[in-house]
Number of protein chains: 2
Amino acid sequence: MCELLAMSANVPTDICFSFSGLLQRGGRTGPHKDGWGITFYERNGCRTFKDPQPSFNSPIAHLVQDYPIQSCAVVSHIRQANRSKVALENTHPFTRELWGRNWTYAHNGQLKGYRQFKTGTFRPVGQTDSEYAFCWLLHQLSVKYPRTPSHWAAIFRYIAQLADQLRQKGVFNMLLSDGRFVMAYCSNNLCWITCRAPFGKATLLDQDVEIDFQQQTTPDDVVTVIATQPLTTNETWNKIAPGEFALFHFGERLVLG
Amino acid sequence: MCELLAMSANVPTDICFSFSGLLQRGGRTGPHKDGWGITFYERNGCRTFKDPQPSFNSPIAHLVQDYPIQSCAVVSHIRQANRSKVALENTHPFTRELWGRNWTYAHNGQLKGYRQFKTGTFRPVGQTDSEYAFCWLLHQLSVKYPRTPSHWAAIFRYIAQLADQLRQKGVFNMLLSDGRFVMAYCSNNLCWITCRAPFGKATLLDQDVEIDFQQQTTPDDVVTVIATQPLTTNETWNKIAPGEFALFHFGERLVLG
């Protein structure tokens with residue numbers, strides 16, 4: 001199993017708070033020691049830091065902790081290799097362009113019998129079931145919407161339908177973002193919490209650290225964090241039901257009619 | 001004008017040597033202060049570090065200097081913004097998947113009248129002429145070779161023909177790699193040098209630093225460095241003629257018949 005983490009915010013926010021808890025679990029307090037990655041969006045651009053090394057002793061992970069990167073959308077993943085070899089090309093998140101935007105994806109779970117799905121011109125670079133499923137998703141989207149679509153609710157409903165098909169092949173917890181929207185599709189473990197200014201103190205699960213959001217933010221800030229398991233103990237997290245998804249747009253949850 | 005740097009090697013090699021010279025020019029001794037990026041290949045995977053900040057004071061650039069990443073193919077770029085805004089999505093190198101491989105590209109120069117070229121399903125994310133040209137190149141390649149091609153000499157000859165068309169629109173110095181091949185197409189400024197073990201000492205152009213390659217390498221090592229201008233003063237660099245290209249495969253130059 002892998003650990004997923006995402007953030008959606010209405011102002012550029014530093015995710016170091018939550019990421020440091022995840023790093024602790026990447027090899028020290030959890031079994032997730034085979035690579036990690038994190039993608040930060042900055043407007044339409046994004047940058048990914050990834051390392052096939054365990055996260056808790058990775059120099060790049062510590063840079064990410066020490067050097068605050070302000071972002072409105074973040075997707076992160078810590079991987080325990082299942083079947084595919086530990087290699088950079090198998091390390092999440094994966095980013096591909098569609099409709100002139102960078103789409104970033106991370107998957108937790110295992111799929112079987114997925115190769116009957118055709119990926120078209122989106123060819124996997126690595127060997128993971130995860131990247132294969134991502135390529136299939138993008139291919140299906142590009143076939144249904146060859147031109148850049150404008151009706152976003154329809155797109156995410158369609159993505160959820162595609163995710164339903166993948167869930168029939170195994171466990172498929174997914175994070176997906178284009179830098180504006182962050183979608184979390186749940187197969188068995190995904191939860192989220194929306195924090196609004198004024199923020200209270202939050203206690204990290206893996207370290208005796210408290211971070212006071214109020215020092216970092218303005219009165220209108222909204223920050224949503226999505227994770228495999230709750231990262232904090234003093235707040236109530238919302239669990240996403242199996243086969244359902246939650247969609248966020250700059251921090252706010254969108255409920256599709 | 002921007003600075004280009006690439007490396008091609010037959011064993012995973014640490015590029016810090018050459019990159020530190022480039023960093024010095026990124027804002028301190030040269031006018032290139034509007035962002036930089038570097039892509040390291042590790043087998044089929046690659047990772048990119050990029051920053052819209054000037055390179056000489058970028059924490060990420062210093063991480064890249066301090067933390068050796070062993071790679072057989074590297075592409076790097078320091079940008080001075082011409083017309084497009086300084087933003088992450090306009091920062092080179094650009095990486096896209098084609099034929100199940102990651103293709104990484106960096107451009108130096110300016111193009112005009114290039115929007116008559118159609119980019120098909122490879123849509124630019126940012127606003128640069130550079131990324132636009134890259135999308136057009138990939139689109140042309142995907143049209144000519146819808147299936148993964150096997151005849152690499154023909155592919156790179158075709159890429160050179162496409163680059164010739166782009167050069168008619170302005171200045172087009174290009175670096176392109178899929179992790180195995182590194183291609184350098186010259187419009188006005190690109191040169192290369194191939195170093196073979198045993199390596200002599202090399203002096204960086206911008207710092208009083210000598211690095212002894214012999215401490216880092218084995219007797220069969222071959223390392224080629226490609227750069228806008230020679231990075232060292234005590235070695236003879238080969239200048240690529242305008243409209244010509246040099247192609248390298250794990251350090252060795254390939255001369256196409």
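Presented here is a report on the structure given in the accompanying data block. Everything numeric in this text was worked out from a predicted model, so none of it was measured. (Residues numbered from 1 in each chain as written. Chains lettered and ligands numbered in written order. Predicted model: local features only at pLDDT ≥ 70, side-chain atom pairs only at ≥ 80, totals over all residues.)

1. Some thoughts on the overall build of chain A
Now for step 1: Looking only at helices and strands, chain A has four helices and 15 strands in total.
Now for step 2: Split into buried and exposed, the 257 residues of chain A put 49% on the buried side.
Now for step 3: In chain A, the share of contacts with a sequence separation of at least 24, taken over all contacts with a separation of at least 6, comes to 71%. (Helix = DSSP H or I, 4+ residues; strand = E, 2+ residues; numbered from the N terminus. Buried ≥ 20, exposed ≤ 12 C-beta atoms within 10 Å, placed from the backbone. Contact = placed C-beta atoms within 7 Å.)

2. Focus: the packing of helix α2 (residues 59-66) of chain A against helix α2 (residues 59-66) of chain B
Now for step 1: Here α2 of chain A crosses α2 of chain B at 160°, and the two axes come no closer than 11 Å. Considering their axes alone, α2 of chain A and α2 of chain B lie roughly antiparallel with respect to each other. Of the two possible hands of crossing, α2 of chain A and α2 of chain B adopt the one that is right-handed. Between α2 of chain A, through Pro-59, Ile-60 and Leu-63 of chain A, and α2 of chain B, the contact on the second element is made entirely by Pro-59, Ile-60 and Leu-63 of chain B.
Now for step 2: The residue makeup of the contact of α2 of chain A with α2 of chain B, split by class, is six nonpolar, no polar and no charged. (Axes fitted to C-alpha atoms, helices over the stretch in contact; angles between N-to-C directions. Parallel < 35°, antiparallel > 145°, perpendicular 65-115°, else oblique. Left-handed = near helix turned anticlockwise from the far one by under 90°. Nonpolar A, V, L, I, M, F, W, Y, C, P; charged D, E, K, R; others polar.)

3. Examining the interface of chain A and chain B
Now for step 1: Contacts between chain A and chain B engage 27 residues on the former and 27 residues on the latter.
Now for step 2: The set of elements that each furnish at least two residues to the side of chain A that touches chain B consists of β3 (45-51), α2, β5 (94-98) and β6 (101-108) of chain A.
Now for step 3: With four residues, the single largest contributor to the side of chain A that touches chain B is β3 of chain A.

4. Let's talk about the sheet that holds strand β1 (residues 3-14) of chain B
All names here are of chain B.
Now for step 1: Taken in spatial order, the seven strands of this open sheet run β3-β2-β4-β1-β12-β9-β13, and their pairing is antiparallel. Unpaired on one side and paired on the other, β3 (45-51) and β13 (238-239) mark the two borders of the sheet.
Now for step 2: Both strand β2 (residues 36-42) and strand β4 (residues 70-78) contribute to a ladder of six bridges, which runs antiparallel. Residue pairing in the sheet places Phe-40 in a bridge with Val-74 of β4. (Pairing = 2+ DSSP bridges.)

5. Looking at the pairing of strand β9 (residues 191-196) of chain A
Now for step 1: Looking at chain direction, β9 of chain A and strand β12 (residues 222-227) of chain A are connected through six bridges and run antiparallel. Bridge assignment links Thr-194 of chain A to a residue of β12 of chain A, and that residue is Thr-224 of chain A.

6. So, the sheet that holds β6 of chain A
All names here are of chain A.
Now for step 1: One open sheet accounts for six strands, arranged β5-β6-β7-β8-β14-β15; its pairing is antiparallel. Of all the strands in the sheet, the pair left with one neighbour each is β5 and β15 (252-254). Each strand axis lies, on average, 25° off the axis of its neighbour in the sheet, ignoring direction.
Now for step 2: Pairing of β6 with strand β7 (residues 173-177) involves five bridges; the strand directions are antiparallel. Within β7, the residue paired with Thr-104 across the bridge is Ser-177.
Now for step 3: Against the sheet, helix α3 (residues 129-144) engages β5 and β6, with an angle of about 10° to β5.
Now for step 4: Against the sheet, helix α4 (residues 152-167) engages β7, β8 (181-185) and β14 (245-249), with an angle of about 25° to β8.

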